[in-house]
Amino acid sequence: MAKKIRILCIVGMLAALALVVGCKSSGGDDNVQTETTDAPDGERKQQPVTPMPTTDPAIDYSDRDASDMSLKDAYSEYFPIGVAVNSWQLEDSTTMDVITKDFSTITTENEMKPDYILDHDASIKAEDGMPEIATDKMDEIMSMAEDAGLKMRGHTLVWHSQTPDWLFYEDYDISKERVDRDTMLKRMEEYIKKVLTFCKEEHPGVVVAWDVVNEAISDNQGGGYRTDSPWYEVIGEDYIEYAFTYARKYAEEGTKLFINDYGLNGKDKRETMYDIASGLFERGILDGIGMQSHHDMGLVVDDVETSLFMFAQIKGINIQLTELDIHNNDNSDTALAEQAELYGNLFELLLYMDKNGYADITGVTFWGLNDENTWLTGHRKETSYPLLFDKDNKAKPCYFAIYDALKES
Ligand code: 9MR
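A quick note: this is a predicted structure, and the numbers were derived from the prediction, not measured.

Visitor: Any details on the packing of helix α7 (residues 136-148) against helix α8 (residues 181-202)? Residues and values, ideally.
Guide: Axis separation between α7 and α8 bottoms out at 11 Å; the angle between their running directions is 35°. For the pair α7 and α8, the crossing hand works out as right-handed. When α7 is examined against α8, the residues Met138, Asp139 and Met142 are found in contact with a partner set consisting of Val195, Phe198 and Cys199. In terms of residue class, the contact of α7 with α8 is built from 5 nonpolar, no polar and 1 charged.

Dropping the structure here:
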């Protein structure tokens, strides 16, 4: 019954979105790094949406046992379930058992970012003046993934952060001038070529998706490009197009190429993302939109729905939740039950969209394995309990709620 009403609402919503997708966002930039789950200006969706069936927060999950359960198996019909990891976790056999039981893909939380891959000394010495990469760590991680039967999301090639400053300077020396656009484009191409060729030749079939460009959209009102990225400053706004052109040229056939960002449930970033992604998708150089999905307990699942419907207007585009977590500073049973309800509702939405063909959801990755190892505790400067497992890798209520979402939808 609720779903019938929902379908009627969807028809209305699609019509409203058809109007909205014509909107253009303008420029602007700033350095805000935090996720916004709501539209910054309090904007809400164009049509009221029927509330989804919710996971009952009163359910007592304490007697549930996750030992015979597997999220990746339970969701295998719909989309892969992934987790962000660090290499030390892959080296630890107990942790690896936890990872392989519930997840089929991994993303390196840091170790495949330019800061970790680019080799300054070797780049300075390179006779052709092009950037050199160090592949040992990457090789190790990809071998461990391969041995464990895990696929990988590559994260990330072109980003304003965790990319060494020297990459943008003459002779890789920050006391000199920034290089010109043409030199930077050559450096970009060479970097992308070296990383993707290594993946393709040394570990074929392991990396199934890449976040080619990360966080290119401004947090400013109006959205537009993040103009304080060194990539933007040296190359100009078409750096995104070039990055995807090179990535497509050198990536293994079948690797899905994503543009990835946070705060995509806010109107301005959502619309800018739609504009950028639709152009690149039409040209065949982009396959999908990565919605990072760093939420907090104020998550409004309806806002996610609005974004999914808008992005899915780009017919055939993949949508992945690439860095999912829900910040929660309270480890009480009540707070964990509320968090479980949010996670449950979110997954009911994802299943609903995917099952009915309203959006092609091709993966959901959690940004960390357990509450002990979350970036949020440092970032928020308070202990955070955002993930599926507690510090002892015991499944939390949200784990069971995500499982139960399969029954609800
Ligand atoms: O989780 C990552 C953390 O360990 C790093 O210190 C941080 C540095 O910026 O990056 C974190 O991962 C980010 C991801 O690469 C891109 N989206 C936002 C993530 C959280 O900041």
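Visitor: Give me the site of the ligand: which residues, what numbers.
Guide: Surrounding the ligand, one finds 13 residues, the nearest of these being Glu109, Lys113, His155, Glu323 and Trp367. Residue Gln292 places a side-chain N or O atom 3.0 Å away from a nitrogen atom belonging to the ligand. Expressed as a share of its isolated accessible area of 460 Å², the protein-covered part of the ligand is 74%. The class makeup of the residues in the shell around the ligand is 3 nonpolar, 6 polar and 4 charged.

Visitor: Report on the confidence of the model for the protein, specifying residues and quantitative values.
Guide: Confidence in the prediction for the protein averages 90 pLDDT; 86% of positions are at 70 or higher. Counting contacts from residues 1-9, a segment whose pLDDT is below 50, to residues more than four positions away or on other chains yields 16 contacts. Confidence drops under a pLDDT of 50 for residues 20-51, and excluding neighbours within four residues, the segment shows 104 contacts in the predicted structure.

Visitor: Any chance you could break down the side chain of Asn265 for me, citing the residues and the numbers?
Guide: Tracing the backbone through its elements, the reader meets Asn265 in the loop between β7 (256-261) and α11 (267-282). A residue is classified by how much of its surface remains accessible, and Asn265, at 3% relative accessible area, is buried. A polar contact is formed between the side chain of Asn265 and the side chain of Ser307, at a distance of 3.3 Å.

Visitor: With reference to specific residues and values, describe helix α10 (residues 239-250).
Guide: Think of an α-helix as 3.6 residues a turn; residues three or four steps apart then line up on the same face. With 12 residues, α10 extends 17 Å from end C-alpha to end C-alpha; this agrees with the ideal 16 Å at 1.5 Å per step. For α10, the full list of buried residues reads Tyr239, Ile240, Ala243, Phe244, Tyr246, Ala247 and Tyr250. Buried residues of α10 fall within an arc of 165° about the axis and therefore sit on the same side. Looking at the buried positions of α10, the neighbouring elements they touch are β5 (151-159), α8, β6 (207-214), α9 (230-235), β7 and α11.

Procedures and definitions
Residues numbered from 1 in each chain as written. Predicted model: local features only at pLDDT ≥ 70, side-chain atom pairs only at ≥ 80, totals over all residues. Heavy atoms only, no water. Axes fitted to C-alpha atoms, helices over the stretch in contact; angles between N-to-C directions. Helix = DSSP H or I, 4+ residues; strand = E, 2+ residues; numbered from the N terminus. Left-handed = near helix turned anticlockwise from the far one by under 90°. Contact = heavy atoms within 4.5 Å. Nonpolar A, V, L, I, M, F, W, Y, C, P; charged D, E, K, R; others polar. Near = heavy atom within 4 Å. Polar contact = N/O pair within 3.5 Å; in protein donor to acceptor, adjacent residues only side chain to side chain. Areas by Shrake-Rupley, 256 points an atom, 1.4 Å probe, with all protein chains shown as cover. pLDDT = per-residue confidence, 0-100. Buried < 20%, exposed > 50% of the residue type's maximum accessible area, 1.4 Å probe, protein only. Expected span 1.5 Å × (residues − 1). Arc of directions from axis to C-beta.

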